[in-house]
Amino acid sequence: MSRRITKAGSALLVCVILMAAGCASNRQLLPDPVRNDALNQELSRQRFGGRWWDLYERAAIYQKYGLWELAEQDIRAAMALRPEDQRWARTYGLHFIPEYFPNRELGVVLLEQDRVDEAVLHLEQSMGALYTARAAHYLDNAYAIRIARAGSDVTGPTIQLSSPANGGTVGGTHVEIRATVRDDSYVAGLKVNGEALPLLVAAQEVPFERSVALGPGENSIEIEATDIVGNRSVERISLVRDSDGPAVSFNSPLVLPGTIRGVAFDPSAVEALFIGEAPATLREGPNGETTFEFTVAEMNDGFTPEFRCVDKLGNATTGLLPLDAVRTQAFNRETSFASATSVVTLNDKIAAVYKDGE
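1. With respect to the overall build of the chain
Along its length, the chain carries seven helices and 21 strands. Buried residues in the chain amount to 37% of all 358 residues. Considering only residue pairs separated by 6 or more positions, the chain has 54% of its internal contacts joining residues 24 or more positions apart. Of the roughly 20900 Å² of accessible surface on the chain, 52% is carried by carbon and sulfur atoms.

2. Brief notes about the sheet that holds strand E13 (residues 270-275)
The four strands lie next to each other as E14-E13-E17-E18, forming an open sheet whose pairing is antiparallel. The outermost strands of the open sheet, each flanked by one partner alone, are strand E14 (278-279) and strand E18 (316-320). One ladder, built from five bridges, connects strand E17 (residues 306-311) with E18; its direction is antiparallel. Residue pairing across strands places Cys-309 opposite Thr-317, the latter belonging to E18.

3. Digging into the packing of aromatic side chains
Scanning all chains against the criterion turns up seven aromatic pairs. Between Trp-53 and Tyr-92, the aromatic rings sit 5.8 Å apart at their centres with planes inclined by 35°, giving tilted as the arrangement. Here Trp-53, found in helix H3 (residues 52-64), pairs with Tyr-92, found in the loop between strand E1 (86-90) and strand E2 (96-100); they are 39 residues apart in sequence, far enough to count as distant. Using a relative accessible area of 45% as the deciding quantity, one classes Tyr-92 as partly exposed. Clustering of aromatic rings is evident, with ring pairs tying together Trp-52, Trp-53, Tyr-56, Tyr-92 and Tyr-100.

4. Some points on the side chain of Thr-290
Along the chain, Thr-290 falls in strand E16 (residues 289-296). Thr-290 gets classed as buried once you look at its relative accessible area, which sits at 5%. Leaving out residues up to four positions away in the same chain, Thr-290 has contacts with Gly-262, Val-263, Ala-264, Val-270, Leu-282, Arg-283, Glu-284 and Gly-285.

5. A look at the sheet that holds E16
Ordered in space as E10-E12-E16-E15, the four strands form an open sheet in which the pairing is antiparallel. The sheet is open, and its two edges are formed by strand E10 (247-250) and strand E15 (281-284), each paired on a single side. The mean angle between the axes of side-by-side strands here comes to 25°, regardless of whether they run parallel or antiparallel.

6. Looking at the environment of Val-270
Position of Val-270 among the secondary structure elements: in strand E13. Val-270 sits in the buried class, given a relative accessible area of 8%. Separated by 25 residues in the primary sequence, Val-270 and Gly-245 have C-alpha atoms spaced 8.9 Å apart. Beyond its immediate chain neighbours, meaning those up to four positions away, Val-270 contacts Pro-246, Ala-264, Phe-265, Leu-282, Thr-290, Cys-309, Val-310, Asp-311 and Lys-312.

7. Quick look at a nonpolar patch on the surface
A cluster of nonpolar residues, Trp-88, Leu-94 and Phe-96, forms a patch on the protein surface that exposes about 400 Å² of accessible area. Relative to the helices and strands, Leu-94 is located in the loop between E1 and E2. The exposure class assigned to Leu-94 is exposed, which follows from its relative accessible area of 76%.

8. Observations regarding the environment of Ser-126
Tracing the chain through its elements places Ser-126 in helix H6 (residues 116-129). Residue Ser-126 is classed as buried on the basis of its relative accessible area, which comes to 0%. Between the C-alpha atoms of Ser-126 and Phe-101, which are 25 residues apart in sequence, the distance is 7.1 Å. If we skip the residues at most four places from it in the chain, Ser-126 touches Asp-85, Phe-101, Asn-103, Arg-104 and Ala-135.

9. Notes on helix H4 (residues 68-81)
For H4, built from 14 residues, the straight-helix expectation of 20 Å at 1.5 Å per residue is met to within 8% by its first-to-last C-alpha distance of 20 Å. The complete set of buried residues in H4 reads Leu-70, Ala-71, Glu-72, Asp-74, Ile-75, Ala-78 and Met-79. Among the structural elements, H3, E2 and helix H5 (102-112) are those in contact with the buried residues of H4.

10. Thoughts on the packing of H6 against helix H7 (residues 133-150)
It is the contact of H6 with H7, at a shortest axis distance of 9 Å, that shows an interaxial angle of 145°. Taken as a pair, H6 and H7 cross one another with a handedness that is left-handed. Between H6 and H7, the contacting residues are Val-116, Asp-117, Val-120, Leu-123, Glu-124, Ser-126 and Met-127 on the first element and Ala-135, Ala-136, Tyr-138, Leu-139, Ala-142, Tyr-143, Ile-145, Arg-146 and Arg-149 on the second. Here the contact of H6 with H7 is composed, by residue class, of 11 nonpolar, one polar and four charged.

11. Some details on the environment of Leu-161
Inspection of the secondary structure assignment puts Leu-161 in strand E3 (residues 158-163). The residues touching Leu-161, leaving out its near neighbours within four places in the chain, are Ile-177, Arg-178, Ala-179, Ile-223 and Ile-237.

12. Things to note about H6
For H6, built from 14 residues, the straight-helix expectation of 20 Å at 1.5 Å per residue is met to within 8% by its first-to-last C-alpha distance of 20 Å. All of the buried residues in H6 are Val-116, Ala-119, Val-120, His-122, Leu-123, Ser-126 and Met-127. Close packing links the buried residues of H6 with H5 and H7.

13. Concerning the pairing of E17
Judged from the five bridges that link them, E13 and E17 form a sheet pairing that is antiparallel. By the bridge assignment, Phe-274 is partnered in E17 with Arg-308. Counting the residues that bridge the hairpin from E17 to E18 gives four residues, and of these Gly-314 lies at a positive phi of roughly 95°.

Calculation rules
- Residues numbered from 1 in each chain as written.
- Predicted model: local features only at pLDDT ≥ 70, side-chain atom pairs only at ≥ 80, totals over all residues.
- Heavy atoms only, no water.
- Helix = DSSP H or I, 4+ residues; strand = E, 2+ residues; numbered from the N terminus.
- Buried < 20%, exposed > 50% of the residue type's maximum accessible area, 1.4 Å probe, protein only.
- Contact = heavy atoms within 4.5 Å.
- Areas by Shrake-Rupley, 256 points an atom, 1.4 Å probe, with all protein chains shown as cover.
- Pairing = 2+ DSSP bridges.
- Phe/Tyr/Trp six-rings, centres within 6.5 Å; stacked < 30°, edge-to-face > 60°.
- Axes fitted to C-alpha atoms, helices over the stretch in contact; angles between N-to-C directions.
- Patch = residues over 30% accessible without salt bridge, like charges linked within 9 Å, V, L, I, M, F, W, Y side chains within 5 Å.
- Salt bridge = Lys/Arg side-chain N within 4 Å of Asp/Glu carboxyl O.
- Expected span 1.5 Å × (residues − 1).
- Left-handed = near helix turned anticlockwise from the far one by under 90°.
- Nonpolar A, V, L, I, M, F, W, Y, C, P; charged D, E, K, R; others polar.

Pasting the structure below:
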């Protein structure tokens, strides 16, 4: 019987201590009467039972009013009963806490007390369990304080570009930028053409990809990287957007049947030239020019007076042969024309075609 009384007495003693702890929270804690009244009202509304979720909730109230030591005590007490950071932690029955992150909140209150190394330890532990933006923010701040005090980081991050090549020519309206940013401390910020890229948490190596819109002609792209103590580096890329097909010039006159010759030019180099569906022969010349030849054996229904010239980026120029410069080697005098068109024999080998008096 005495043993049962002893256990009951112990349980009663624990309840008394917990109740006392709950009541003690209503004592004068803040020098500002208005803020102290608001604090005491919040504490009085809490049904404090000494359970881990009660401790965690009261620690949040203490944090709100900057009572960091009291918040630390409650968080550590909660962690002694339930140490893991998690979402939707079950309290009892079907009741849950949406966010229970004691390691994260302990890191916050330790940082507020300037205990940076301890704060980093708990914030990293929280991030290892589950990413939260709040933990990432305070962890970045803790890193920055520690590195700034060490005074060892005085240079900006390095930016290593993978693609595209600086000074190159690209086709299309967009280009994919691929790069890796490294820093001997931590990379904390990235911008491409002034637009910030999201970083979940500061890291010593950050690879990234970014699609950038290009305007016609020359383009300049700026990559800016900042480390956690504010050192900044900038890398600039110059690119030419080639959205036009090659320039094509035909030698005049064009004698058909015969060989069509000319010159094509494009900053990205000429890939192919077609007369109708048949490819012409290309030869690379000086200054980026490409000469071409195409032989027309006979003038028949299979001949199409159209050309298409393509550069190495896929841009194409299409059109008709300059028919006003075409000269034929033979003419059928038996051909009939409509719409007041007539054929006049000039001599044994030459005939002229007139239309509307011209």
